[in-house]
Amino acid sequence: MSDAWLSRPDLLRTEGFIAGRWEESDTRYDVLNPATGACLARVTQHGAEAATRAVDAASAALAAWSATTASERAAILRRWHELVLESAEDLARLMTAEQGKPLAEARGEVAYAASFLLWFAEEARRVYGSVIPGNAPTRRLTVIRQPVGVVAAITPWNFPAAMITRKVAPALAVGCTVVLKPSELTPLSALALAHLGAEAGVPPGVFNVVSGEAPAIGEVLTGDPRVRKFSFTGSTAVGKMLAAKCMATVKRVSLELGGNAPFIVFDDADIDAAVSGAIASKFRNSGQTCVCANRFLVQDGIYDRFAAALARKVGMLNAGDGLAGASDQGPLINAAAVAKVERHCADAVERGARILARGQVSGPPEGHFARATLLVDVAPDALLVREETFGPLAGLIRFDHEEEAIRLANDTPAGLAAYLFTADHSRATRVSEALEYGMVGLNTGLISTEVAPFGGIKESGFGREGSQFGIDDYVSIKLVVAEIAPA
Ligand code: ADP
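Residues numbered from 1 in each chain as written. Predicted model: local features only at pLDDT ≥ 70, side-chain atom pairs only at ≥ 80, totals over all residues. Heavy atoms only, no water.

Participant: I'm lost on the sheet that holds strand E19 (residues 417–421) in this one. Help?
Facilitator: Paired through backbone hydrogen bonds, the strands of a sheet run either parallel or antiparallel to each other. If you walk across this open sheet you meet the seven strands as E15-E17-E18-E13-E12-E19-E20, and the pairing is mixed. In this open sheet, the two strands that pair with only one neighbour each are strand E15 (354–358) and strand E20 (439–442). Within the sheet, the average angular offset between the axes of one strand and its neighbour, ignoring direction, is 20 degrees. Pairing of strand E17 (residues 373–376) with strand E18 (residues 393–399) involves three bridges; the strand directions are parallel. In the sheet register, Thr373 faces E18, and the bridge partner there is Leu393. Running over the sheet, helix H11 (residues 335–350) touches E15, E17 and E18 and is turned about 25 degrees from E17. Running at roughly 165 degrees to E19, helix H14 (residues 425–434) makes contact with strand E12 (261–265), strand E13 (293–299), E19 and E20 of the sheet. (Pairing = 2+ DSSP bridges. Helix = DSSP H or I, 4+ residues; strand = E, 2+ residues; numbered from the N terminus. Axes fitted to C-alpha atoms, helices over the stretch in contact; angles between N-to-C directions. Contact = heavy atoms within 4.5 Å.)

Participant: Sorry if this is basic, but what is going on with the site of the ligand here?
Facilitator: The environment of the ligand is made up of 17 residues, and the closest members are Thr155, Trp157, Lys181, Glu184 and Ser235. Between an oxygen atom of the ligand and a main-chain N or O atom of Thr155, the distance comes to 2.7 Å. Within the side chain of Glu184, one N or O atom sits 2.5 Å away from an oxygen atom of the ligand. In isolation the ligand exposes 550 Å². Once the protein is present, 78% of that is buried. For the shell around the ligand, the secondary-structure elements that each account for two or more residues are helix H7 (214–223), strand E10 (227–233) and helix H8 (236–246). (Near = heavy atom within 4 Å. Polar contact = N/O pair within 3.5 Å; in protein donor to acceptor, adjacent residues only side chain to side chain. Areas by Shrake-Rupley, 256 points an atom, 1.4 Å probe, with all protein chains shown as cover.)

Participant: Can you walk me through the pairing of strand E7 (residues 150–154) in this structure?
Facilitator: Buried residues dominate E7, accounting for five of its five residues. Of the two faces of E7, both are covered, the one formed by Val150, Ala152 and Ile154 as well as the one formed by Val151 and Ala153. Across five bridges, the pairing between E7 and strand E8 (residues 177–181) is parallel. Within E8, the residue paired with Ala153 across the bridge is Leu180. (Buried < 20%, exposed > 50% of the residue type's maximum accessible area, 1.4 Å probe, protein only.)

Participant: What exactly am I supposed to notice about the pattern of salt bridges here?
Facilitator: Where charged atoms of side chains with opposite charge meet at close range, the side chains can pair. Tallied over the full model, the rule gives 30 salt bridges. Through salt bridges with shared partners, one network takes in Asp300, Asp304, Arg354, Asp377 and Arg398. (Salt bridge = Lys/Arg side-chain N within 4 Å of Asp/Glu carboxyl O.)

Participant: Can you help me understand H7 in this one?
Facilitator: Each α-helix winds once per 3.6 residues, and so residues spaced three or four apart point in a common direction. Considered for burial, the residues of H7 that qualify are Ile217, Gly218, Val220, Leu221 and Thr222. The elements touched by buried residues of H7 are helix H1 (48–67), E7, E8, E10 and H8.

Participant: Teacher, can you tell me more about the sheet that holds strand E22 (residues 475–483) here?
Facilitator: Pairing in this open sheet of three strands is antiparallel, and the strands run E5-E6-E22 from one edge to the other. At either margin of the open sheet sits one strand with a lone partner, and together these are strand E5 (130–132) and E22. Averaged over all pairs of adjacent strands, the angle between their axes in this sheet comes to 25 degrees, without regard to strand direction. With three bridges joining them, E5 and strand E6 (residues 139–147) adopt antiparallel strand pairing. By the bridge assignment for E6, Val131 is matched with Thr142.

Participant: Can you walk me through the side chain of Asn33 in this structure?
Facilitator: Looking at the element boundaries, Asn33 is found in the loop between strand E3 (28–32) and strand E4 (39–44). Within the structure, the side chain of Asn33 is placed 2.8 Å from the backbone nitrogen of Ala35, a separation counted as a polar contact. If we ignore the near neighbours within four places in the chain, the residues touching Asn33 are Ala38, Leu40 and Ala97.

Participant: Got a minute to help me understand the packing of aromatic side chains in this structure?
Facilitator: Evaluation of the coordinates by the stated rule reveals nine aromatic pairs. Ring centres of Trp80 and Phe207 lie 5.7 Å apart, and the angle between their planes is 50 degrees; this geometry places the pair in the tilted category. Pair noted here: Trp80 is in helix H2 (residues 70–86) and Phe207 is in strand E9 (residues 207–209), with a separation of 127 residues, a long-range link. Each member of the pair Trp80 and Phe207 is classed as buried. Between the aromatic rings of Phe266 and Phe399, the centroid separation amounts to 5.5 Å while the plane-to-plane angle is 80 degrees, which identifies the pairing as edge-to-face. One end of the pair, Phe266, is in the loop between E12 and helix H9 (271–283); the other, Phe399, is in strand E18, and 133 residues separate them in sequence. For the pair formed by Phe266 and Phe399, the shared burial category is buried. Sitting above the plane of the Tyr474 ring, Lys229 keeps its charged end 5.2 Å from the centroid. Lying over the aromatic face of Tyr303, Arg398 brings its terminal NZ or CZ to 3.8 Å of the ring centre. (Phe/Tyr/Trp six-rings, centres within 6.5 Å; stacked < 30°, edge-to-face > 60°. Lys NZ or Arg CZ within 6 Å of the ring centre and 35° of its normal.)

In structure tokens:
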């Protein structure tokens with residue numbers, strides 16, 4: 001594809017970004033458009049050697065960067081935010097091309113990604129410590145919060161820009177330096193962000209990007225003792241494996257792993273709100289978000305009406321090439337993702353589920369499209385109940401009473417997001433408190449914002465991103481105990 005489709009063609013970068021320089025390597029790999037199968041760019045295939053040089057650069061830059069004032073760092077983050085917004089349309093087009101989401105969703109993600117830069121520019125100036133009343137007359141106890149050091153971040157392909165800024169912005173805000181490995185499937189958004197960061201004044205070595213051989217780069221980022229903090233968003237299996245490696249050098253770790261979100265609809269729910277929430281939660285990004293509703297638990301008395309209303313909406317969903325025109329959904333990221341949706345659907349049908357509605361596909365045959373699908377009468381032991389489908393497949397399970405809904409909802413090792421729809425205030429409070437999840441959407445299917453803490457419990461991980469709490473993962477607490485000589 002020619003780069004004339006961007007108003008700033010220089011945003012399409014294909015090299016790694018190390019120590020403020022764009023770096024080639026001997027080998028390159030193809031970044032593909034999942035809607036068409038076309039090769040968008042041939043990107044540098046970096047490995048262990050480049051990753052080590054990126055850690056060298058981040059280590060070398062750390063002392064000077066952490067010595068800048070919070071106001072100086074905030075000014076650079078604010079400028080970066082402005083530059084992202086100025087290039088929002090190009091960034092959205094790059095994102096749709098490499099990830100597939102419809103342009104409207106990509107524009108939304110670019111704004112969301114930018115919001116973390118501004119939020120943490122603001123938070124940078126409020127990294128307060130505290131003074132503790134002394135435990136003896138001659139004692140003075142002071143607590144300061146210092147940057148944790150060099151940060152390594154590994155991010156997924158489903159949100160190619162926002163998953164980056166919500167790690168990098170707090171890290172830079174407090175004075176850390178970063179080496180990022182974006183998903184090899186969606187490096188173009190990451191490289192464009194790095195380009196704009198440098199333009200905004202992020203000094204060389206403070207933010208480095210290496211893309212290519214994931215396991216080799218991962219070995220360096222989890223093994224190098226100079227990396228003091230490891231932040232990962234991705235699958236539970238990979239996150240567990242990488243976190244275990246980090247323990248050899250006792251790194252600080254935060255993990256944002258897979259979910260298995262229950263979406264509970266009680267008899268007294270506002271049905272229109274529940275259906276809109278279901279569409280937003282299940283079908284946004286074609287079902288490829290870690291907070292996507294994965295299991296619909298619907299109470300007996302509203303089950304048939306909810307199913308019929310949701311079926312009307314699902315039947316109207318159309319999947320197509322996000323750059324070619326308006327579509328509700330894009331393709332899935334690759335053929336394996338489509339195969340997983342088909343496997344989950346077939347398994348549920350084998351166990352007695354019925355297909356109530358299916359959407360359309362208008363994209364090219366080379367694209368990895370999956371039809372939006374609604375299943376009813378799904379067995380509680382179906383694959384789609386136990387595993388994250390990560391695709392546009394909604395399955396309804398019937399329940400009778402509140403305790404049963406809570407039991408089914410919590411019956412999973414995951415604990416990221418949960419949703420419930422009810423008009424009863426007491427029930428809303430009871431159930432929100434009983435759900436073993438890091439985030440609960442009450443009468444809404446959309447919960448993400450930069451001002452609120454995002455993150456999970458149980459096997460969905462730990463650490464929080466965004467909000468005032470998003471700073472905590474990037475600072476260490478230091479105690480200074482001073483002995484004061486009497487006069
Ligand atoms: P998903 O199923 O969403 O693709 P992954 O966990 O495979 O989730 O990918 C999330 C991120 O983890 C990506 O950046 C990917 O390249 C990276 N990754 C996958 N396997 C490894 C590995 N062995 N070492 C380091 N990074 C990895």
